[in-house]
Amino acid sequence: MGKKKEKITYIDDGRTIADMSNVSGGFRPPKREKWTPRSSLKEQLSTFWAAIKMMVKPMLVVVVGIMVIYLVILILFSLAY
């Protein structure tokens, strides 16, 4: 048998920057033979509209909330004048 490999224990100290001291080399873009789209236009549009549909209700809630706050402030200042 050989030497037993030392087990590495990682401790999270709360920092967001990773230790990159053991990384060698620089940035190299991936090599491609030819450019191909990741998905078709139909798939991209389908994903886009699905995301838009998910965000309509939250957007309306925020817009209505801003309008209510504006109207309350408008009424308060018009009564004070």
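Residues numbered from 1 in each chain as written. Predicted model: local features only at pLDDT ≥ 70, side-chain atom pairs only at ≥ 80, totals over all residues. Heavy atoms only, no water.

1. So, the overall build of the protein
Each helix and strand counted, the protein has 1 helix and 0 strands in total. Scored against the burial criterion, the 81 residues of the protein give a buried share of 0%. As displayed, the protein offers around 9400 Å² of accessible surface, 67% of which is attributable to carbon and sulfur atoms. (Helix = DSSP H or I, 4+ residues; strand = E, 2+ residues; numbered from the N terminus. Buried < 20%, exposed > 50% of the residue type's maximum accessible area, 1.4 Å probe, protein only. Areas by Shrake-Rupley, 256 points an atom, 1.4 Å probe, with all protein chains shown as cover.)

2. As for a nonpolar patch on the surface
Nonpolar side chains collect at one region of the surface, where Leu41, Leu45, Phe48, Trp49, Ile52, Val56, Met59, Leu60, Val63 and Met67 lie side by side and expose about 950 Å² of accessible area between them. Within the fold, Phe48 resides in helix α1 (residues 41-80). In this structure Phe48 comes out as partly exposed when scored by relative accessible area, which is 43%. (Patch = residues over 30% accessible without salt bridge, like charges linked within 9 Å, V, L, I, M, F, W, Y side chains within 5 Å. Salt bridge = Lys/Arg side-chain N within 4 Å of Asp/Glu carboxyl O.)

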